[in-house]
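If you want the building blocks of each chain, they are given just below.
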Amino acid sequence: MKVLAAGVVPLLLVLHWKQGAGNPLPITPVNATCATRHPCPSNLMNQIRNQLGQLNSSANSLFILYYTAQGEPFPNNLDKLCGPNVTDFPPFHANGTEKARLVELYRIIAYLGASLGNITRDQKVLNPYAHGLHSRLSATADVLRGLLSNVLCRLCSKHHVGHVDVTYGPDTSGKDVFQKKKLGCQLLGKYKQVIAVLAQAF
Amino acid sequence: MALFAVLQTAFLLALLPLRTYQSEVLSEPLPLTPESLSVSINSAKQCLHLQWTVHNLDYHQELKMVFEIQISRFKASDVIWTGNYSTTVTQNQVLHWSWESELPLECAIHFVRMRTMVDDARIPVPRFWSNWSSWKKADAQNSLGDHPLYVFPKDKLVEEGSDVTICYISRNHQDNISCYLEDVLTFGKQLDQSVWAFELKNISFLRKTGTNFYCQGQGVPEGVVLFVSKVLEEPKNFSCETRDLKTLTCTWDPGDDTGLIQLPSYTLFESFSRKKTLCKHRNRCDWQVTQDSQEMYNFTLVAENYFRKRSVSILFNLIHGVHPVAPYNLFPKNVSATNATMTWKVHSIGNNSALLCQLQLLGEGKVIQQHNISIRVNGEYLLSELEPDTEYMARVRCAYADHFWKWSELISQNFTTAEAAPSEAPDVWRDVMFVSGHPTVTLFWKPLSKVHTHGKILFYNVVVENLDEASSLEVLSVPAPANSTKVTLNQSSYQIHVTAHNSVGPSPASTVAISGHPGNENVEEGRINGTEDGFPMSWKPQSRNATGYVVEWCDGPQNLPCVLQWKNLGPTTTGTVISSGAFRPGVRYNFRIYEISTKRMAHLLEKKTGYLEELAPSYNPQVVPNNLTSHSFTLSWKDYPTESQTGFIQGYYVYLKSKAGEKCHRGFEKTVLPDNSVCCKYTIDNPDQKTFVMKDLQPESVYEFFVTPYTSAGEGPMDDFRKVTTPDEYSHILIHIILPMIFCVLVIMIACYLKSQWLKDKCYPDIPDPYKSSVLSLIKSKENPHITIMNVNDCVPDAIEVVNKPEGSKIQFTGTRKSPTETKGTKPAYLDLLPTEKNYSGPGPCICFENFTYNQAASDLGYCGHFPVTSQAPHCPLGPLTSPENLLKTLEQNYMNSLGEIPAGEANLNYVSQLASPVSGDKESPPTNPPEPALCSEYKMQMAIPLGLASPPPSENSSLSSTTLLDPGEHYH
């Protein structure tokens, strides 16, 4: 299942990226139809909060695991090589309405999910024996997928938002190994920073 | 004819152009120049790829040509490489050539040009170079983006130990950029205004995931990853074999991993069949044997990675490399106590080829039987001569029978043979103790060895047979693993049979005979010396019909419980060596040798005692000196046990130290002790002598002695010397006189003490009381009233001052002890004592009394406490004593009160007591104003009070004593 997810998801993301990357589209109009396949659970916001807390609690250790596996100079130059300077990262405004915050959360989770897919794919090639890192990356991606579903459910059921246009980060498949390592490290650094804000905002 | 003419004409016409061509090509230099030169960059391989054509070549023309190529960097004029490339060129051929740059091509603009020359043997010399082509530019920087910093080459594969050049391009010339190889600062050289190069020499392998190199300016760091590969090793131990003549398996040792994620490829090539296969594993490859009965194979294994290609070959005969698969289904069948049949199966090889199988039988880990059996499909073999109740392991392996090359893997199976009755009688011995004339026999037996038990011993049967009463049998069953039992017998003769039983049956019986009477124990004990092998001993047979001999002993020291051991010996044996792992040096072992009669009766033959190795005594005797005289004393150590020592005590050494320089006594010899002191040594060579008399000693001298035993291994430890001082020669005489004298004196003293009153009465009786004197009766009888006993001296009181009249009536003046006859006519005694000039003879008024009962000793003191008497004198310290009643009262009031504490009302009469003297006062607290002695009126106490009690001491005992002495009934009348 994990193999399937690791192979198919990036493919889908790449296909999606070809069509709409870098072009955020407006959210679904209010009068658009919104339907979910399954009824949303009643304690959806609690689940979202718990998932954010779970991600927040594991983000730092995932970051450490990642940059340790890349070898020097990454562990000793975190500020230079792993700084959270991801330029096209979706914004988040904690003082917005719940709907706006959920929409922004959805974009961020989608961005992070796609980026984690790229990182997982790259690391399986670059660090084929770092099984611990692979499993942690996959587990994080799993939680992100669940969170994405819950957020969408909440948006749809309460705010009647059935579709949110999202953006993704750059595809790293054509980049050299150092760039892959560096981008992955920067992304995970950003992830650690953002997820803390999100966990607090919800 | 006409046709011939036409053909000839056509042939000539055809030859004409050829002739023309030959005249042009072969006789004149051709202007052949490279055309359409293009340069491209292969970033992955860091190669410049050149492509060109050569024009002016005719159709079908092939010429060998040389191309001289020049490559410049940064500027066309900076030629960094020139080389030739030779090839054969045909018409319209597009030529390709690549050049690998050590500097990443992205970091510099390259220019390429070439010229050509025909290098064909058909072309006569001289040959000329063509003109240079124009410079072609290769610029990879055009494809770069607008990032401020780039580092190249990206993801380069390099071999360990090689050199690699890394460069960076900085768009910002002001930026100060530092580059690091795995966090180690690296220095490079500047190639251009914006290009720096770093040459990494002899690069080493760090990790599979690559070596990081990065450069850091003011912006985001950029870097590259170098993938360093270890040098590909040549495969070792390359060999092939087949297990079934259908598939060949070739194996090899690939050596160390190259360390790259991209593994090297291994290809197996067979030259006879010209087939090859790409191996799926890095150390093994399978090859399908063809059906064309190919027997010989010439294999070449090629290992290849990005940098190297290694190969190794073998010539292999299929028949000679058969390694059968391990057999299977190995089972024991029909297992009895001594036999078992083993069966197994094998995998067929080829067309049911024969296999040679080896069946091994192992017992206790060792191969005890080995059999080779030739089979085709099923194997079976009968194993015999097995031991009952024994666990065995059978294992089998097989090899190709036609040509042995290698055994298959082993398979094994354990099995245990069935039980059988024990094959040997237990080794039994006895210990007989006679209690109240009845023998108590303790039977001991040794456990049967595993080869004789043939199963688990469950119990031992002991059958006691009374030889004097034929029908008397007693059977005891002793459960295993007990190895002894006790039997009480009467004074008959017995035979005792002992058998060991397992689940199958009993062992043969072991028999001992017991006589109802004690045998001859009075056998002299001989000594034996142990050796490294044990105790060798021999004996003399007593009877010719002995069926054997038994030597018994205890394994432990004598002070421990005896673990009875014995050794059976044959009838012809007259000596043996007793060895045991329990034997220790310095321990005495006692051996008893018995002769076994035909009736299995044991007779004590000899006793032996000895040490495996004698040691020096471990401790010395406690020596007691006695019979001390001025010239001798006796040393005794009778309680020293010689039997329990660490060797046979051969005697004792007596060491004696006396004054330095003295000669040793007779029998002693001088010796030097370990502390280099000199002393005399006497050797007692009789171990039973445990006393020694030191003679010829000097009186009043100090002697030091020390006694130590010795064995063949040496003497005992060196302890401290003990001292003995010989007495004076006449001291005994003195003792004989002084002691009785002291005794007599003591007797006399005791007698005196007991008869002290009698002595007092006899030697110094009390002064008679004149009132009780017989003279008084005589006086009374004469009726002479003028004659008195006591007269007042000149000291007549002048005045008596009555201080307190009302209370004074109670005071009875007794200062003058007048006779009753005299006191009758006197006035009441309450008078003021006023000093007069006539009587005044000192600094103050004095009162002096005299009494014939006065204690002369007290008066002899020379003074009697003269105090000035004033009207203000508050209290005379001994005032109350002037009145017998007050004195008595005071004494009765427990003289713990000080005199000053007596109430003033009770001291009506101011007078000075003569007892208030330093002698009778508080000796520890003399008065601050001691009275000055005044020779005036004297007072002499009228009581026979001991001097020490003149003043009441502050103690209860004293009070009681005073009360007794001051009994008014006795002294006041």
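For every chain, the first residue of the written sequence is number 1, and numbering continues from 1 onward in sequence order. The naming scheme follows written order: chains are lettered A onward, ligands numbered 1 onward. Local features in this predicted model are restricted to residues of pLDDT 70 or higher, and side-chain atom pairs are both shown and tallied only at a pLDDT of 80 or more, whereas totals for entire chains, interfaces and linings draw on every residue. Working from all heavy atoms in the structure, the side-chain values ignore hydrogens and water.

**Concerning the overall build of chain B**
Move 1: A run of H or I in DSSP counts as a helix once it spans at least four residues, and a run of E counts as a strand once it spans at least two, with each numbered from the N terminus. A count of helical and extended segments in chain B gives 11 helices and 53 strands.
Move 2: Each residue is placed in one exposure class: buried if its accessible area under a 1.4 Å probe, protein chains only, is under 20% of its type's maximum, exposed if it is over 50%, and partly exposed if it falls in between. Out of the 973 residues in chain B, the part that is buried amounts to 40%.
Move 3: We call two residues contacting when some pair of their heavy atoms lies within 4.5 Å. By sequence separation, contacts in chain B at least 24 residues apart represent 67% of the contacts at least 6 residues apart.
Move 4: Working definition of accessibility: Shrake-Rupley area with a 1.4 Å probe, residue cover restricted to the visible protein chains. By element, 53% of the accessible surface of chain B is carried by carbon and sulfur atoms, the whole surface being about 54900 Å².

**A look at the interface of chain A and chain B**
Move 1: Taken together, the 22 residues of chain A in the interface contact 19 residues of chain B.
Move 2: Defined here as a combined quantity, buried area equals the accessible surface (1.4 Å probe) lost by two parts on assembly, summed across both. Approximately 1600 Å² of surface area, both sides summed, lies buried where chain A meets chain B, with 55% of it carried by carbon and sulfur atoms.
Move 3: In the sections that follow, a salt bridge refers to a side-chain nitrogen of Lys or Arg positioned within 4 Å of a carboxyl oxygen of Asp or Glu. Here chain A is connected to chain B by 2 salt bridges.
Move 4: A salt bridge links Lys154 of chain B to Asp176 of chain A; its shortest N-O distance comes to 3.4 Å.
Move 5: We call two N or O atoms a polar contact when they sit within 3.5 Å, provided that within protein one can donate a hydrogen and the other can accept it, with sequence-adjacent residues counted only if both atoms are side-chain atoms. Remark: the boundary between chain A and chain B carries 13 residue pairs in polar contact (both at pLDDT 80 or more).
Move 6: Those elements that provide at least two residues to the side of chain A that touches chain B are helix H3 (78-81), helix H4 (98-126) and helix H6 (177-201) of chain A.

**Observations concerning helix H2 (residues 44-69) of chain A**
Residue and element names in this part refer to chain A.
Move 1: By this rule the span expected of a helix is its residue count minus one, scaled by 1.5 Å. Its 26 residues give H2 an end-to-end C-alpha distance of 36 Å, which sits within 8% of 38 Å, the value for a rise of 1.5 Å per residue.
Move 2: The angle between axes fitted to the seven residues ending at a residue and the seven residues starting there is what we call the bend at that residue. Remark: the principal bend of H2, roughly 35°, maps to Ala59.
Move 3: Along H2, the residues that are buried comprise Leu44, Met45, Ile48, Gln51, Leu52, Leu55, Ala59, Leu62, Phe63, Tyr66 and Tyr67.
Move 4: Looking at the buried side of H2, the elements it contacts are H3, H4, helix H5 (131-159) and H6.
Move 5: Within two residues after H2, Gly71 carries a phi angle of roughly 80°, on the positive side.

**Topic: the confidence of the model for chain B**
Residues and elements named next belong to chain B.
Move 1: One number per residue, pLDDT, summarises how confident the predictor is, and it ranges from 0 to 100. Predicted confidence across chain B gives a mean pLDDT of 78, with 75% of residues reaching 70 or more.
Move 2: Per-residue pLDDT stays below 50 along residues 9-27; that stretch engages in 13 contacts with residues further than four places along the chain or on separate chains.
Move 3: Low pLDDT, under 50, characterises residues 806-973; the predicted model gives this stretch 209 contacts beyond four residues in sequence or across chains.

**Structural notes on the packing of aromatic side chains**
Move 1: The criterion for an aromatic pair is that two Phe, Tyr or Trp rings (for Trp, the six-membered ring) have centres within 6.5 Å, with stacked assigned to planes under 30 degrees apart, edge-to-face to planes over 60 apart and tilted to the rest. Summed over all chains, the structure comprises 43 aromatic pairs over all chains.
Move 2: Here Tyr682 of chain B and Phe692 of chain B contribute two aromatic rings whose centre-to-centre distance is 4.6 Å and whose plane-to-plane angle is 40°, an arrangement assigned as tilted. Separated by 10 residues along the polypeptide, Tyr682 of chain B in strand S49 (residues 678-684) and Phe692 of chain B in strand S50 (residues 691-694) bring together distant segments of the chain.
Move 3: Only Lys NZ and Arg CZ are tested; either one counts as a charge over a ring when it is within 6 Å of the ring centre and within 35 degrees of the ring normal. Over the aromatic face of Phe202 of chain A sits the side chain of Arg101 of chain A, whose NZ or CZ is 5.1 Å from the ring centroid.
Move 4: The ring of Phe648 of chain B carries the charged tip of Arg527 of chain B above its face, separated from the ring centre by 3.7 Å.

**Let's talk about the packing of H2 of chain A against H5 of chain A**
In a pair of packed helices, the angle between the axes and the distance between the axes together describe the arrangement.
Residue and element names in this part refer to chain A.
Move 1: Every axis in this analysis is a line fitted to C-alpha atoms, fitted for helices over the stretch in contact. Angles between the N-to-C directions lie between 0 and 180 degrees. In the contact formed by H2 and H5, the axes pass within 9 Å of each other and the chain directions differ by 155°. Comparing the axis directions of H2 and H5 gives the class roughly antiparallel. The handedness of the crossing between H2 and H5 comes out as left-handed.
Move 2: Each residue gets one of three labels, nonpolar for Ala, Val, Leu, Ile, Met, Phe, Trp, Tyr, Cys and Pro, charged for Asp, Glu, Lys and Arg, and polar for the others, Gly among them. Here the residues of the contact of H2 with H5 are counted per class, giving 16 nonpolar, 9 polar and 2 charged. What sets the label is the angle itself: under 35 degrees gives roughly parallel, over 145 gives roughly antiparallel, 65 to 115 gives roughly perpendicular, and the rest give oblique. We call a crossing left-handed when the near helix sits turned anticlockwise from the far one by less than a right angle, and right-handed when that turn is clockwise.

**Considerations on the pattern of salt bridges**
Move 1: Using the criterion set out here, one finds 23 salt bridges over all chains in the structure.
Move 2: Taking the shortest distance from any N to any O, the salt bridge between Asp122 of chain A and Arg121 of chain A comes out at 3.3 Å.
Move 3: Classification of Arg121 of chain A as partly exposed rests on a relative accessible area of 23%.
Move 4: When the shortest N-O distance is used, the salt bridge between Lys208 of chain B and Asp257 of chain B registers 2.9 Å. Taken together, the residues span a long stretch of sequence, with Lys208 of chain B in the loop between strand S14 (195-200) and strand S15 (211-216) and Asp257 of chain B in the loop between strand S18 (247-253) and strand S19 (265-270) at a distance of 49 residues.
Move 5: The exposure class of Asp257 of chain B is partly exposed, given its relative accessible area of 24%.
Move 6: In the salt-bridge network here, residues are joined through shared partners; they are Glu98, Arg154 and Lys158 of chain A.

**Quick notes on the sheet that holds strand S1 (residues 34-42) of chain B**
All names here are of chain B.
Move 1: The strand order S1-S2-S5 describes an open sheet built from 3 strands, whose pairing is antiparallel. Two strands lie at the open edges of the sheet, namely S1 and strand S5 (94-100), each paired on one side alone. Between one strand axis and the next, the sheet turns by 20° as a mean value, whatever way the strands run.
Move 2: If DSSP finds at least two bridges between two strands, the strands pair. Pairing geometry for S1 and strand S2 (residues 47-54), over 7 bridges, is antiparallel. Paired with Ser38 across the strands is Gln51, a residue of S2.

**Concerning the state of the cysteines**
Move 1: Disulfides are defined in this document as cysteine sulfur pairs within 2.5 Å. Applying the stated criterion to the full structure yields 9 disulfides over all chains.
Move 2: Paired by a disulfide, Cys40 of chain A and Cys153 of chain A hold their sulfur atoms 1.8 Å apart. Here Cys40 of chain A and Cys153 of chain A share a disulfide; its torsion about the S-S bond, -100°, makes the bridge left-handed. With Cys40 of chain A in the loop between helix H1 (2-20) and H2 and Cys153 of chain A in helix H5, the pair connects residues that are 113 residues apart, well separated along the chain.
Move 3: On the accessibility criterion, Cys40 of chain A (22% relative accessible area) is partly exposed.
Move 4: For Cys240 of chain B, the disulfide goes to Cys250 of chain B, at an S-S distance of 1.9 Å. The sign of the 105° torsion about the S-S bond sets the Cys240 of chain B-Cys250 of chain B disulfide as right-handed. Here the residue Cys240 of chain B occupies a position in strand S17 (residues 236-242), and Cys250 of chain B occupies one in strand S18, the gap between them amounting to 10 residues. Per residue, the accessibility class of Cys240 of chain B equals that of Cys250 of chain B, and both read buried.
Move 5: Of all cysteine sulfurs in the structure, the one in Cys680 of chain B sits closest to Cys679 of chain B, which takes part in no disulfide; the separation is 6.6 Å.

**Observations concerning the side chain of Glu614 of chain B**
Residues and elements named next belong to chain B.
Move 1: If you trace the backbone, Glu614 turns up in the loop between strand S44 (602-611) and strand S45 (624-626).
Move 2: Asp and Glu are treated as the negative residues and Lys and Arg as the positive ones, with His and the ends of the chain left uncounted. This buried residue, Glu614, is left without a salt bridge; Arg527 holds the nearest opposite charge, at 6.3 Å.
Move 3: There is a polar contact of 2.7 Å between the side chain of Glu614 and the backbone nitrogen of Phe648.
Move 4: Engagement of the side chain of Glu614 in a polar contact is seen with the side chain of Ser712, the distance being 3.2 Å.
Move 5: Those residues in contact with Glu614 that lie beyond four places of it in its chain are Asn529, Thr646, Gly647, Phe648, Thr711, Ser712 and Ala713.

**Comments concerning the nonpolar core**
Move 1: Put simply, buried Ala, Val, Leu, Ile, Met, Phe, Trp, Tyr and Cys residues joined by side-chain atoms within 4.5 Å make one nonpolar core. One finds Ile48, Leu105 and Leu188 of chain A to be the most contacted residues of the largest nonpolar core, which totals 57 residues.
Move 2: Secondary structure elements with two or more residues in this core: H2, H4, H5 and H6 of chain A together with strand S16 (222-229) of chain B.
Move 3: At 13 residues, the largest contribution of residues to this core is made by H4 of chain A.
Move 4: Those residues in contact with Leu188 of chain A that sit more than four places away from it in its chain are Leu62, Phe63, Tyr66, Leu116, Ile119 and Leu137 of chain A.
Move 5: Counting 44 residues, the second-largest nonpolar core is a separate cluster that includes Met342, Val346, Cys398 and Ile411 of chain B.

**Things to note about the pairing of S16 of chain B**
All names here are of chain B.
Move 1: By the criterion of burial, S16 is predominantly enclosed, with 8 of the 8 residues buried.
Move 2: In S16, alternate side chains face the same way, and those of Glu222, Val224, Leu226 and Val228 on one face and Gly223, Val225, Phe227 and Ser229 on the other are all buried.
Move 3: Where strand S9 (residues 156-159) meets S16, 4 bridges bridge the pair, whose relative direction is parallel. If you follow Val158 over to S16, its bridge partner there is Val228.
Move 4: Here S15 pairs with S16 via 5 bridges, running antiparallel. Within S16, the position partnered with Phe213 by the bridge is Val224.
Move 5: Counted along the chain from S15 to the antiparallel partner S16, the turn is 5 residues long.

**Digging into the sheet that holds strand S20 (residues 275-278) of chain B**
Residues and elements named next belong to chain B.
Move 1: Taken together, 4 strands build an open sheet; the order of strands is S20-S19-S22-S23 and the sheet is antiparallel. In this open sheet, the two edge strands, each paired with only one partner strand, are S20 and strand S23 (309-317). Neighbouring strand axes in the sheet, compared pairwise and without regard to direction, differ in orientation by 20° on average.
Move 2: Note that strand S22 (residues 296-304) and S23 share 9 bridges and pair antiparallel. Across the sheet, Glu304 pairs through a bridge with Lys309, a residue of S23.

**Examining unusual backbone geometry**
Glycine aside, residues mostly have negative phi angles, and peptide bonds mostly take the trans form.
Move 1: The omega torsion across Glu72 of chain A and Pro73 of chain A is 10°, close enough to zero to call that bond cis.
Move 2: Within the fold, Pro73 of chain A resides in the loop between H2 and H3.
Move 3: In this model, Ala480 of chain B is joined to Pro481 of chain B through a cis peptide bond whose omega is 10°.
Move 4: Inspection of the secondary structure puts Pro481 of chain B in the loop between strand S34 (473-479) and strand S35 (484-488).
Move 5: Of note in the backbone geometry, Ser36 of chain B takes a positive phi value of approximately 55° without being a glycine.

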